[in-house]
There are 2 protein chains.
Amino acid sequence: MSYSVGQVAGFAGVTVRTLHHYDEIGLLVPGGRSHAGHRRYDDADLDRLQQILFYRELGFPLEEVAVLLDDPKADPRAQLRRQHELLTARIERLQQMAAAVEHAMEARRMGINLTPEEKFEVFGDKDPEAHAEEAERRWGGTEAYAESQRRAATYTKDDWQRMQAEVASWGERYDALMAAGEPPSGEAAMAMAEEHRRHISTWFYECTYEAQLGLADMYVSDERFKEFYDSMRPGLAEHLREAITANAARHGS
Amino acid sequence: MSYSVGQVAGFAGVTVRTLHHYDEIGLLVPGGRSHAGHRRYDDADLDRLQQILFYRELGFPLEEVAVLLDDPKADPRAQLRRQHELLTARIERLQQMAAAVEHAMEARRMGINLTPEEKFEVFGDKDPEAHAEEAERRWGGTEAYAESQRRAATYTKDDWQRMQAEVASWGERYDALMAAGEPPSGEAAMAMAEEHRRHISTWFYECTYEAQLGLADMYVSDERFKEFYDSMRPGLAEHLREAITANAARHGS
DNA sequence: GCTTGCACCTCACGCCGCGTGAGGAAGCAG
DNA sequence: CTGCTTCCTCACGCGGCGTGAGGTGCAAGC
């Protein structure tokens, strides 16, 4: 069985021109040609094209794709293993970016302005340590700068205030809850955790229980977030984290 | 506080040239210039750059990025929400690709050759239904073709045989296990499920319990995979699926 | 038998997102 | 004052195709 350019382009979801290009640069030379000089792709060519598209989608330059595919010590098994590894790595990367976006949103919610370093922490930044030193050495006093920026958040006026009011109301009720000695795993605290999640979902993004767990960790590990919650009542950040954990466990199963 | 090109390039992980380019095309015009004509980026510029890099990383052309960012009815909140949605969509997409890779590996393990449509199912293929009709109409008899291809797998000779031997041995023992009336949730069956997972992990890719669940579903839903296992013993595919499920549940908690 | 139409062919130029110099000025360290 | 670094502005080039332009091969309909 062999296929024409149009057919291959059809099920591979690429243009005929792309196939021509791959032929030109020797990346995918069809197994044969018809009498009239038309390209004829066989099954092996399709497999190869599939591989090509895979690596291309992950952003590899075509030249490198050729190297990967023509690597003699990489049998099909090794290829698939590599692909699988690449995919999981990419997924992890995206999840990091998602976490960063969540981080950014939380910062905005609390009126905290991030330092330049934090803004780009998910990009570039190949060598975090060296970078931090560099930053200190060259532009000095990053920490002091951060301090000075902490309250200079850019608001979006109108309904921002309504949101702030919600936060304040929630904070007062959580304060009362803790004053009453409610445990984090209790009904009341979990209800507050649930409200917290709903608040984020309506004002920002669809916040899953899993995403909320990520936030909860941040509330105790990041100084400023911790400060934000603890200013409502000392120990609130930690209490909230446990309440969120309990609430997520309840809904998770 | 304002920053020079070099500084911005530093923490954003881009080159100076890139910043120049963004200035040229009007995508990111620095807030001001120094006396000597040097670009000076302020905090708002950094925020914008962060956004730009985000969309760029997701593959948007710069022109479109400009549209997204200058969209007047998208406040910062909406931006973040959109970004979050894009990310989860991308993650889903990659997970689909991972599943497709797993699918391909299983097919190879069993010596099944996929049809062209299957090979590319994760790419292009915008309109699956229309595509299937088209394929039938134009290149007809896809099913018949698939039939003819089913045993024409390309082996990788040497250790391939050892792997096949492992599979055969596993199959015989599973056959015996079922003959002895062992239930899927029993120790013996779960041990076989675990061995199945290890087999894939050593010969192919790191197979998590979750990934194995995906495979298990495939074994009963895809005719050819089902056939493969049921040829060892009728009902084996279903039995195995339940054993895998039980084994995953045990390790999952 | 002739035209119409479609899918194929081969040049060849253009666009985007920068990389990569070239040539020069500004600013800071010794 | 001398260097070293960072900055500036052209301006050309490259990868990965898109997009014609102009021509061929083949099956269907007149």
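Residues numbered from 1 in each chain as written. Chains lettered and ligands numbered in written order. Predicted model: local features only at pLDDT ≥ 70, side-chain atom pairs only at ≥ 80, totals over all residues. Heavy atoms only, no water.

## As for the protein's contact with DNA strand C
Turning to step 1, where the next piece is worked out: Around DNA strand C sit 18 residues, and of these S4, H20 and R39 of chain A together with Y22 and L62 of chain B come closest.
Turning to step 2, where the next piece is worked out: Restricting the count to atoms of DNA strand C within 4 Å of the protein gives a sugar and phosphate share of 74%.
Turning to step 3, where the next piece is worked out: Residue R17 of chain B places a side-chain N or O atom 3.0 Å away from a base oxygen belonging to DNA strand C.
Turning to step 4, where the next piece is worked out: Sorting the residues of the surface near DNA strand C by element identifies α1 (5–12) and α2 (16–24) of chain A together with α2 (16–24) of chain B as the ones contributing at least two each.
Turning to step 5, where the next piece is worked out: The residue inventory of the surface near DNA strand C, partitioned by class, reads five nonpolar, eight polar and five charged. (Near = heavy atom within 4 Å. Polar contact = N/O pair within 3.5 Å; in protein donor to acceptor, adjacent residues only side chain to side chain. Helix = DSSP H or I, 4+ residues; strand = E, 2+ residues; numbered from the N terminus. Nonpolar A, V, L, I, M, F, W, Y, C, P; charged D, E, K, R; others polar.)

## Details of the packing of helix α11 (residues 209–221) of chain B against helix α12 (residues 223–230) of chain B
Residues and elements named next belong to chain B.
Turning to step 1, where the next piece is worked out: The geometry of α11 relative to α12 is characterised by a closest axis approach of 5 Å and an angle of 90° between their N-to-C directions. The pairing of α11 with α12 is recorded here as roughly perpendicular in orientation. Residue-level inspection shows M218, Y219, V220 and S221 of α11 in contact with α12, the latter providing E223, F225, K226 and Y229.
Turning to step 2, where the next piece is worked out: Looking at the contact of α11 with α12 residue by residue, the class counts come to five nonpolar, one polar and two charged. (Axes fitted to C-alpha atoms, helices over the stretch in contact; angles between N-to-C directions. Parallel < 35°, antiparallel > 145°, perpendicular 65-115°, else oblique. Contact = heavy atoms within 4.5 Å.)

## A word on the UniProt feature "domain: HTH merR-type" (unreviewed entry) in chain A
Turning to step 1, where the next piece is worked out: When the UniProt feature table is mapped onto this chain, "domain: HTH merR-type" (unreviewed entry) is found at residues 1–71 of chain A.
Turning to step 2, where the next piece is worked out: With 58% helix and 6% strand, the stretch residues 1–71 of chain A has end C-alpha atoms that lie 27 Å from each other. (UniProt positions renumbered as here; feature names shortened; annotations may be inferred.)

## A few points about empty space enclosed by the protein
All names here are of chain A.
Turning to step 1, where the next piece is worked out: Scanning all chains against the criterion turns up two cavities of 30 Å³ or more.
Turning to step 2, where the next piece is worked out: In terms of lining residues, the largest cavity is bounded by R109, E166, V167, W170, H196 and H199.
Turning to step 3, where the next piece is worked out: Here the lining of the largest cavity takes three residues from helix α9 (residues 157–179), the largest share from any one element.
Turning to step 4, where the next piece is worked out: A per-class count over the lining of the largest cavity returns two nonpolar, two polar and two charged. (1 Å grid on protein atoms, 1.4 Å probe; cavity = no way out; pocket = protein on both sides within 12 Å on 5 of 7 lines; lining within 4 Å. Points joined across faces, edges and corners; volume = space filled by probe spheres on them.)

## Quick look at the pattern of salt bridges
All names here are of chain A.
Turning to step 1, where the next piece is worked out: Inspection of the entire model under this criterion finds 28 salt bridges over all chains.
Turning to step 2, where the next piece is worked out: Notably, a salt bridge pairs R233 with D175, separated by 2.7 Å at the nearest N-O pair. With R233 in the loop between α12 (223–230) and α13 (236–252) and D175 in helix α9, this residue pair connects regions lying 58 residues apart in the sequence.
Turning to step 3, where the next piece is worked out: Classification of D175 as partly exposed rests on a relative accessible area of 27%. (Salt bridge = Lys/Arg side-chain N within 4 Å of Asp/Glu carboxyl O. Buried < 20%, exposed > 50% of the residue type's maximum accessible area, 1.4 Å probe, protein only.)

## Looking at the nonpolar core
Most often, soluble globular proteins have nonpolar side chains that are buried together.
Turning to step 1, where the next piece is worked out: In this structure, Y174 of chain A together with Y174 of chain B are the most contacted members of the largest nonpolar core, which totals 123 residues.
Turning to step 2, where the next piece is worked out: Look past the residues within four positions of Y174 of chain A in its chain and what remains in contact with it is A189, M192, L236, H239, L240 and A243 of chain A. (Core = buried A, V, L, I, M, F, W, Y, C linked by side-chain atoms within 4.5 Å.)

## Here's the deal with the UniProt feature "coiled-coil region" (unreviewed entry) in chain A
Turning to step 1, where the next piece is worked out: Per the UniProt record, "coiled-coil region" (unreviewed entry) is annotated on residues 77–104 of chain A.
Turning to step 2, where the next piece is worked out: Its end C-alpha atoms 41 Å apart, residues 77–104 of chain A is made of 100% helix and 0% strand.

## As for helix α1 (residues 5–12) of chain B
Residues and elements named next belong to chain B.
Turning to step 1, where the next piece is worked out: Counted residue by residue, α1 has six buried out of eight residues, so it is predominantly covered.
Turning to step 2, where the next piece is worked out: When we look at burial in α1, the residues that qualify are V5, Q7, V8, A9, F11 and A12.
Turning to step 3, where the next piece is worked out: G13 occupies a position one or two residues after α1 and carries a positive phi of about 75°.

## What about the protein's contact with DNA strand D?
Turning to step 1, where the next piece is worked out: Near DNA strand D you find 19 residues, and of these Y22 and L62 of chain A together with S4, H20 and R39 of chain B are the closest.
Turning to step 2, where the next piece is worked out: When the atoms of DNA strand D within 4 Å of the protein are sorted by group, sugar and phosphate make up 76%.
Turning to step 3, where the next piece is worked out: In this structure, a phosphate oxygen belonging to DNA strand D sits 3.1 Å away from a side-chain N or O atom of R56 of chain A.
Turning to step 4, where the next piece is worked out: At the level of secondary structure, the elements contributing two or more residues to the surface near DNA strand D comprise α2 of chain A together with α1 and α2 of chain B.
Turning to step 5, where the next piece is worked out: Among the elements that take part in the surface near DNA strand D, α2 of chain A stands out by supplying four residues, more than any other.
Turning to step 6, where the next piece is worked out: The class makeup of the residues in the surface near DNA strand D is five nonpolar, nine polar and five charged.

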